[in-house]
Amino acid sequence: MDKVTVEAIKDAVWKLEKQKACDLVQRGLAEGLDPVAMLQQGVIAGLQVVGEKFGAREYFLAELVMGGKVSEPCIELITPHLPPSTEGRAGTVVIGAVTGDLHTIGYGLVSTQLELNGFKVHKIGINIPSMQFIEKAQEFGADIIGLSAFLVTTIPYCPEVIAYLQDMGLRDRYKVIIGGTETTAAKAEAMDADGWALNAVSAVPLCRRLVNKPLAANAPKDWWANEKRLAGAGQQGAAR
Ligand code: B12
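Residues numbered from 1 in each chain as written. Predicted model: local features only at pLDDT ≥ 70, side-chain atom pairs only at ≥ 80, totals over all residues. Heavy atoms only, no water.

Enquirer: Got a minute to help me understand the nonpolar core in this structure?
Expert: A general tendency of soluble globular proteins is for nonpolar side chains to be buried together. Membership of the largest hydrophobic core comes to 42 residues, with the highest contact counts inside it found for Ile9, Val43, Ile78, Leu114, Phe119 and Ile144. Those elements that place two or more of their residues in this core are helix H1 (6–14), helix H2 (18–30), helix H3 (35–55), helix H4 (61–78), strand S1 (91–97), helix H5 (105–116), strand S2 (119–123) and helix H9 (200–210). Counting residues per element, this core draws most heavily on H9, at 6 residues. Counting contributing residues, this core receives three or more from each of domain 1 (6–81) and domain 2 (91–239). Excluding residues within four positions of it along the chain, Leu114 makes contact with Val93, Phe119, Val121, Ala203, Val204 and Cys207. Grouped together as the second largest cluster of nonpolar side chains are 25 residues, Val98, Ala142, Ala149 and Met191 included. (Core = buried A, V, L, I, M, F, W, Y, C linked by side-chain atoms within 4.5 Å. Buried < 20%, exposed > 50% of the residue type's maximum accessible area, 1.4 Å probe, protein only. Helix = DSSP H or I, 4+ residues; strand = E, 2+ residues; numbered from the N terminus. Domains from an automatic or database assignment. Contact = heavy atoms within 4.5 Å.)

Given below as structure tokens:
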């Protein structure tokens with residue numbers, strides 16, 4: 001039998017072949033295939049194709065739902081094999097999907113990466129009212145509030161959280177970061193968020209920076225947008 005490749009996993013995910021995808025992941029793990037590559041270039045890349053096909057009207061809502069159902073068990077299989085960090089407690093993050101948003105996979109992966117890198121993470125769920133992010137941040141003594149928004153219609157709830165913090169005189173108490181398919185560094189900048197990350201891996205140096213932890217020498221370098229944003233945040237922080 002041929003060795004498992006990340007391309008085979010990607011194909012099984014976008015073709016919505018759940019059993020095959022899980023079998024390939026399990027075999028890949030047994031054969032020593034890199035778990036990070038299986039996640040990024042396999043499962044997530046497959047979901048990307050599902051999204052493209054949905055956008056092109058080749059796939060419909062049923063397939064979108066299946067995309068989630070195929071990838072979730074694969075991610076569960078891979079997660080225990082992701083490289084752990086030897087760091088101690090790095091900071092506390094409250095994270096969830098904003099009002100109206102039901103996409104769990106993205107913020108779930110961000111949570112996993114942050115946990116693997118020493119952060120205490122409270123996942124507070126999907127479709128979370130803006131005020132609840134603040135209440136939970138207060139309850140858990142969070143340093144960072146993470147807002148996940150995958151839809152153009154749900155992104156406006158991110159600035160709503162920031163506006164509530166401002167109104168409550170708490171804007172300086174918490175760092176607010178955003179992420180999700182339709183978010184960008186520019187949108188984060190425009191709503192005066194403290195940071196944005198393209199993916200779960202780049203969320204780690206972003207959060208480290210925000211809680212003033214030094215970055216490891218081998219930290220991922222694909223977070224230029226976070227750098228750009230943080231340069232701006234520094235100036236605004238000084239002005240506040
Ligand atoms: C699977 C999926 C679903 C599943 C979600 C299942 C689940 N359990 O999560 C279901 C079926 C629920 C769904 C529903 C819908 N979806 Co949908 N969905 C997707 C799909 C295919 C994959 C999303 C995903 O999980 N990707 C995997 C993750 C890992 O990818 P990622 O974006 O790289 O994630 C990283 C970053 O986003 C970042 N990140 C994420 N959150 C955060 C938070 C913080 C703080 C930080 C720092 C970083 C960060 O880190 C993540 C991990 O690396 C996308 C397509 C796409 N390209 O994203 C469409 C997509 C997001 N969906 C879309 C749409 C339209 C819908 C629906 C409106 C469809 C409908 N007609 O009902 C509904 C809306 C439901 C709702 N109210 O939320 C559109 C959005 C378009 C737009 N312009 O708004 C997309 C882009 C598809 C498309 N091409 O049209 N969807």
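Enquirer: Teacher, can you tell me more about the packing of H1 against H3 here?
Expert: A packed helix pair is summarised by two numbers, namely the angle formed by the two axes and the spacing between the axes. Contact geometry of H1 with H3 gives a least axis separation of 8 Å together with a crossing angle of 35 degrees. Both H1 and H3 take part in a crossing whose hand is right-handed. Packed against H1, whose contacting residues are Val6, Ile9, Lys10, Val13 and Trp14, the element H3 presents Ala37, Met38, Gln41, Gly42, Val43, Ala45, Gly46, Leu47, Val49, Val50 and Lys53 at the interface. Broken down by class, the residue content of the contact of H1 with H3 amounts to 11 nonpolar, 3 polar and 2 charged. (Axes fitted to C-alpha atoms, helices over the stretch in contact; angles between N-to-C directions. Left-handed = near helix turned anticlockwise from the far one by under 90°. Nonpolar A, V, L, I, M, F, W, Y, C, P; charged D, E, K, R; others polar.)

Enquirer: Sorry, what's going on with the site of the ligand here?
Expert: Close contacts around the ligand come from 36 residues, with Gly100, Leu102, His103, Thr104 and Thr181 the closest. For the ligand, a nitrogen atom lies 2.6 Å from a polar atom in the side chain of Thr104. Between the ligand and Glu182 there is a distance of 3.3 Å, counted from a nitrogen atom to a side-chain nitrogen or oxygen. Elements supplying a minimum of two residues to the shell around the ligand: H3, H4, H5, strand S3 (144–148) and strand S4 (175–179). It is H3 that contributes the most residues to the shell around the ligand, 6 residues altogether. Counting contributing residues, the shell around the ligand receives three or more from each of domain 1 (6–81) and domain 2 (91–239). (Near = heavy atom within 4 Å. Polar contact = N/O pair within 3.5 Å; in protein donor to acceptor, adjacent residues only side chain to side chain.)

Enquirer: Looking at this structure, how should I read unusual backbone geometry?
Expert: Residues apart from glycine generally show negative phi values, whereas peptide bonds are mostly found in trans. Positive phi, normally seen in glycine, also occurs at Leu16, with a value near 65 degrees. In this structure, Leu16 sits in the loop between H1 and H2. Among the residues examined, Leu16 registers a relative accessible area of 17% and is labelled buried.

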